[in-house]
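As a plain string of letters, each chain reads:
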Amino acid sequence: MKHHRLVISLFSLVIGLSPLARAAESDLKLWYDKPANDWIEALPIGNGRFGAMIFGQPEHERFQLNDVTVWSGSPQPDADRKDAWKNLPELRRLIREGKYDAATDFANANFNGPAPYNNSYQTLGDLKFTFDLGGQTVADYRRELDLSSALASVTFKAGGNTFHRQTFSSAVDGVIVHRLVADKKGTIGFGLKLDRVERANTRFEAPDTLVMTGNTGDTLNYEVRAKVLHKGGKITGNPDGTLRLEGSDEATVLIAAATSFVLDYDKGYKGGDLSTAATRIAAASGKTYKELRDAHVAEYSGYFNRLRLDLGRQDTSTPTDVRLKSYFNKPDPSFATLFYQFGRYLLISSSRPDNPLPTNSQGIWGDGLDLPWKCDYKSNINYEMAYWSAEASNLGEMHKPMLRMTQNLVKPGTRTAQAYFGPETPGWVVGYTTNGWSWTSPGERLTWGVWFGGSAWMCQHLWEHYAYGRDKDYLRSVYPTLKGATEFWMSQLVEGPDGKLITSPSSSPENEFVTENGVRGSICEGATMEKSLVRDLLTHSAKAAAVLGIDEDFRRKVEATRDRIRPPQVGKHGQIMEWGGDWDNPSDTHRHVSHLFALHPGSEITPRGTPALAEAAKVTLKQRGDDGTGWALAWKINFWARLLDGDHAMTLMANQLRSTQELQTVMQGAGGTYPNLFCAHPPFQIDGNFGFVSGVNELLLQSHETYIDPKAPNEDRYVIHLLPALPKAWSSGSIRGIRARGGFTLDLEWKNGKLTQARINSTGGTQGRLRIGDKETEFTVPTGGSIVVPTRER
């Protein structure tokens, strides 16, 4: 087999590197030849916090509005089971004696969360337009979402007139802007209604504004404003809180919202200023539409244009929903590019750096008052998957809302740790989920509710932001949070029969087992996922202390404890064991493949470093199969990429990109993609969109493996693997702006399956190893500089 031999001129700064091939920005569009009738056909816009679903109906248009902070109910600081820790010894005894069925029943009665979990993310309301087209037939209809500019547009003809509408949500001005023009003057007119299904009152505020105020319960209040700016014509306000514009040449509708939410546990999440909605509207009213649009496009594209992926020329002549329907039988690499960039668009649009809350399980988009799974932050996969792609796809700032929220969980998580594990327990812990009110308690019952691995997994993201960004001041600021989670888990590890450290009680999210004796249960000791999470947490906490040059005694204790944790085990079927015993069922196709955390997003299992475990991971994945829910398919793409099998990953991509309109909850084997490219669990869960982006990143570049630099043993050093799992179907292409751990951004080109050129740009890093094929070479990059990596075959 031929391999690329790496040749690097270490001090040749890149000055004249030829531009990488790139798809035209105008090609990155979702477009349709008919309006949206259903929510899963509407197009999402957002500025991080404030968003809308745009249906594009010519006569009866609807903007379904959302604000990321609109949660029902109130904080539940007393949701923990009081003195649950007194039941811990009995629970551990039942588990140790193999009475797993009794242990499951005991945990459900004595170690669960007794409080109701009813609070949900909710819609903010609807802005409804009624247009009078005089009964004319609509022709030449087109609606689109331009990913390169974050502009949603609708164009159609009716009665010899051409109508143009354009909408965006501006992070610069904090408003949604909707522009309406037509070829014929005096033909812009509409009725406007702003409402919500409950707890809302709307009034007309002369001369041109609708104001809706209300609440979602005892804690959160909101205000929404819609102001109509117009040229020509007149506005009439109505007693029912609606307005009508007639005979205008053009109109611009400005929409703003504010809530009382602040992310502050001590303040009870209250304190937001509702008057900011009016302030934003007033400021935006003083600008022209062009000024508003240009500022929005410049700010948004500054993020989006950092990374460009080219897998072939886009098909711009076929509507997006038609392309989606054909992908499963005829995969189109350029459509994978569109879906990838749509995922990046969604993250920018739902998680700007200053967001008060992170993107939830539907981003910021949700229609209703009680959304699927409460539209919360499931810590057993969904919350974390939503941010897997942030760093590598060059959107590290979008990670910040999650990092802030994780730190905000320390105080309630400290109470939960002491309630369930003892009043002297150090540190903090999070159960299976959290929400806008920072819930940290366990849930009602197994298989899902009694799981405590959330804090360990969340902390992986605190480390990853440093691993990519190299900001030691940031690392110093989050170190206490890392340390607190580490102290909790170190206090709760117990010795197993083999003398290795394990967790107890322990479960594997949402799954159950049957022992060799026929005992059914869902709680044991030493489940693989929790052990892997804790090993990962302790590794990163120790490395953070080393990098910062602090806490040396604590670091050594952490490292010694980590090395005693039982590593992943290979079972009798050749699989990675999921449980504390060898009870895996080869016929189990459960959607969660939690016991492969050490493969991805962890780094403990690698084909090169632990080949036997990597082979066992393949066995597990083959047993679980290539189907699943939308997010599960996305996770499997990442797994197969880490196993360096890009062609198998393509099978998962085809399954994820199956067209569906299923809205009912299906827990197994029905994953796919809706016409508007939202990922279907079903129903909609956005982490599948983000997981796909992560999977593509892993196919083209991996940087999770580390090595020890004898000259700087306390620093974290990474191996950057170029095109580790390139699918045959993507034989030629390029990616520009993908990030690697260690503080680097890379530009790659390949042709006929071979790397032809690469450039490494320092964004804080200076040293690493580069792997192409099975060859590794160390490299050095001047701080802030770049080097070319030419390749040739030998």
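Check the entry above for the structure.
Note that the coordinates shown come from a computational prediction; the quantities given were computed from them, not determined experimentally.

What counts, and at which threshold
- Residues numbered from 1 in each chain as written.
- Predicted model: local features only at pLDDT ≥ 70, side-chain atom pairs only at ≥ 80, totals over all residues.
- Heavy atoms only, no water.
- Helix = DSSP H or I, 4+ residues; strand = E, 2+ residues; numbered from the N terminus.
- Rg over C-alpha atoms; globule rule 2.2 N^0.38 Å.
- Buried < 20%, exposed > 50% of the residue type's maximum accessible area, 1.4 Å probe, protein only.
- Contact = heavy atoms within 4.5 Å.
- Areas by Shrake-Rupley, 256 points an atom, 1.4 Å probe, with all protein chains shown as cover.
- Pairing = 2+ DSSP bridges.
- Axes fitted to C-alpha atoms, helices over the stretch in contact; angles between N-to-C directions.
- 1 Å grid on protein atoms, 1.4 Å probe; cavity = no way out; pocket = protein on both sides within 12 Å on 5 of 7 lines; lining within 4 Å.
- Points joined across faces, edges and corners; volume = space filled by probe spheres on them.
- Nonpolar A, V, L, I, M, F, W, Y, C, P; charged D, E, K, R; others polar.
- Polar contact = N/O pair within 3.5 Å; in protein donor to acceptor, adjacent residues only side chain to side chain.
- Expected span 1.5 Å × (residues − 1).
- Phe/Tyr/Trp six-rings, centres within 6.5 Å; stacked < 30°, edge-to-face > 60°.
- Lys NZ or Arg CZ within 6 Å of the ring centre and 35° of its normal.
- Salt bridge = Lys/Arg side-chain N within 4 Å of Asp/Glu carboxyl O.
- Parallel < 35°, antiparallel > 145°, perpendicular 65-115°, else oblique.
- Left-handed = near helix turned anticlockwise from the far one by under 90°.

1. Focus on the overall build of the chain
Here is step 1: Scanning the chain from terminus to terminus reveals 17 helices and 35 strands.
Here is step 2: Its C-alpha atoms give the chain a radius of gyration of 27 Å, near enough to 28 Å, the size a compact globule of 794 residues would have.
Here is step 3: Overall, the chain is about 80 × 70 × 50 Å in size when its C-alpha atoms are taken along their principal axes.
Here is step 4: Residue burial in the chain is summarised as follows: out of 794 residues, 63% are buried.
Here is step 5: Summarising the internal contacts of the chain: among those between residues at least 6 apart in sequence, 68% fall at separations of at least 24.
Here is step 6: By element, 48% of the accessible surface of the chain is carried by carbon and sulfur atoms, the whole surface being about 27,400 Å².

2. Topic: the sheet that holds strand 4 (residues 50-54)
Here is step 1: Strand order in the open sheet made by the seven strands is 3-4-5-6-11-16-15, with antiparallel pairing throughout. In this open sheet, the two edge strands, each paired with only one partner strand, are strand 3 (43-46) and strand 15 (234-237). Each neighbouring strand pair of the sheet contributes to a mean axis angle of 20°, computed without reference to strand direction.
Here is step 2: In this sheet, strand 16 (residues 242-248) lies alongside strand 15 in antiparallel orientation, the contact comprising four bridges. Across the sheet, residue Ile-235 finds its bridge partner in strand 16, namely Leu-245.

3. Regarding empty space enclosed by the protein
Here is step 1: Taken as a whole and assessed by the stated rule, the structure comprises six cavities of 30 Å³ or more.
Here is step 2: The calculated volume of the largest cavity comes to roughly 240 Å³.
Here is step 3: In this structure, the largest cavity is lined by 20 residues; those nearest its centre are Trp-388, Glu-464, Tyr-468, Glu-698 and Arg-741.
Here is step 4: Those elements giving two or more residues to the lining of the largest cavity turn out to be helix 10 (454-469), helix 17 (687-700) and strand 27 (701-702).
Here is step 5: No other element matches the four residues that helix 10 contributes to the lining of the largest cavity.

4. Quick word on the side chain of Thr-515
Here is step 1: One can find Thr-515 in the loop between strand 23 (513-514) and strand 24 (520-521).
Here is step 2: Under the relative-accessibility criterion, Thr-515 is labelled buried at 9%.
Here is step 3: For Thr-515, the residues in contact, after removing those within four places along its chain, are Tyr-100 and Trp-583.

5. Some remarks on the layout of surface pockets
Summary: where empty space remains is shown by rolling a probe the size of a single water molecule over the atoms.
Here is step 1: If you add up the space inside the largest pocket, you get close to 970 Å³.
Here is step 2: Along its surface, the largest pocket is lined by 43 residues, and Thr-539, Ser-603, His-704, Glu-705 and Thr-706 are the ones closest to its centre.
Here is step 3: Among the elements of the structure, helix 10, helix 12 (528-548), helix 13 (552-562), strand 28 (706-707), strand 29 (717-722) and strand 33 (767-772) are those that each provide at least two residues to the lining of the largest pocket.
Here is step 4: Per element, the largest residue contribution to the lining of the largest pocket is eight residues, and it comes from helix 12.
Here is step 5: For the lining of the largest pocket, the class distribution of residues is twelve nonpolar, twelve polar and 19 charged.

6. Some points on the side chain of Asn-435
Here is step 1: By the element assignment, Asn-435 lies in the loop between strand 20 (433-434) and helix 10.
Here is step 2: Classification of Asn-435 by relative accessible area gives buried; the value is 1%.
Here is step 3: Here Trp-437 takes part through its backbone nitrogen, which lies 2.8 Å from a polar atom of the side chain of Asn-435.
Here is step 4: At a separation of 3.3 Å, a polar atom in the side chain of Asn-435 contacts the main-chain amide nitrogen of Trp-439.
Here is step 5: Residue contacts for Asn-435: discarding those within four places in its chain leaves Trp-71, Tyr-117, Asn-119, Asp-376, Tyr-377 and Met-405.

7. A few points about helix 9 (residues 410-421)
Here is step 1: Spanning twelve residues, helix 9 covers 16 Å between terminal C-alpha atoms, matching the ideal 16 Å at 1.5 Å per step.
Here is step 2: Taken together, the buried positions of helix 9 are Pro-412, Gly-413, Thr-416, Ala-417, Ala-419, Tyr-420 and Phe-421.
Here is step 3: Looking at the packing, one finds that the buried side of helix 9 touches helix 1 (88-96), helix 8 (400-408) and helix 11 (472-492).
Here is step 4: Where helix 9 terminates, the next one or two residues include Gly-422, which has phi positive at roughly 120°.

8. Quick look at the packing of aromatic side chains
Here is step 1: Considering all chains together, one arrives at 43 aromatic pairs under this definition.
Here is step 2: Look at Phe-156 and Phe-163: their rings are 5.3 Å apart centre to centre, the planes differ by 20°, and that puts the pair in the stacked class.
Here is step 3: Classification of Phe-163 by relative accessible area gives buried; the value is 10%.
Here is step 4: Relative to Trp-437, the ring of Phe-261 lies with its centre 5.9 Å away and its plane at 50°, an arrangement referred to as tilted. On the criterion of sequence distance, the pair formed by Phe-261 in the loop between strand 17 (250-259) and helix 3 (276-285) and Trp-437 in the loop between strand 20 and helix 10 is long-range, its members being 176 residues apart. Assigned by exposure class, Phe-261 and Trp-437 land together as buried.
Here is step 5: What links up through ring pairs into an aromatic cluster is the set Trp-39, Tyr-300, Phe-304, Phe-342, Tyr-345, Trp-365, Phe-678 and Phe-684.
Here is step 6: A cation sits over an aromatic face here: Arg-142 above Trp-31, 4.3 Å from the ring centre.
Here is step 7: Sitting above the plane of the Phe-554 ring, Lys-483 keeps its charged end 4.9 Å from the centroid.

9. Looking at the pattern of salt bridges
Side-chain pairs of opposite charge can arise whenever the charged atoms involved come near each other.
Here is step 1: For the coordinates displayed, the defined rule picks out 59 salt bridges.
Here is step 2: With its nearest N and O atoms 2.8 Å apart, the salt bridge here joins Arg-179 to Glu-250. Highlighted residues: Arg-179 in strand 10 (residues 175-182) and Glu-250 in strand 17, separated in sequence by 71 residues.
Here is step 3: The shortest N-O distance in the salt bridge between Asp-294 and Lys-290 comes to 2.6 Å.

10. A closer look at the packing of helix 6 (residues 333-350) against helix 17
Here is step 1: In the contact formed by helix 6 and helix 17, the axes pass within 9 Å of each other and the chain directions differ by 125°. Here helix 6 is positioned oblique relative to helix 17, judged by the angle of their axes. Read as a crossing pair, helix 6 and helix 17 show a hand that is left-handed. On helix 17, the residues touching Ala-336, Phe-339, Tyr-340, Phe-342, Gly-343, Arg-344, Leu-346, Leu-347 and Ser-350 of helix 6 are Asn-689, Phe-690, Phe-692, Val-693, Val-696 and Asn-697.
Here is step 2: Its residues placed into classes, the contact of helix 6 with helix 17 shows ten nonpolar, four polar and one charged.

11. A look at the packing of helix 16 (residues 646-656) against helix 17
Here is step 1: The interhelical angle for the contact between helix 16 and helix 17, taken along N-to-C directions, is 160°, at an axis separation of 11 Å. Here helix 16 lies roughly antiparallel to helix 17, going by the angle between them. When the axes of helix 16 and helix 17 are compared, the crossing they make is left-handed. Residues Gly-646, Ala-649, Met-653 and Gln-656 of helix 16 lie in contact with helix 17, whose contacting residues are Gly-688, Asn-689, Phe-692, Val-696 and Leu-699.
Here is step 2: Tallied by class, residues from the contact of helix 16 with helix 17 come to five nonpolar, four polar and no charged.

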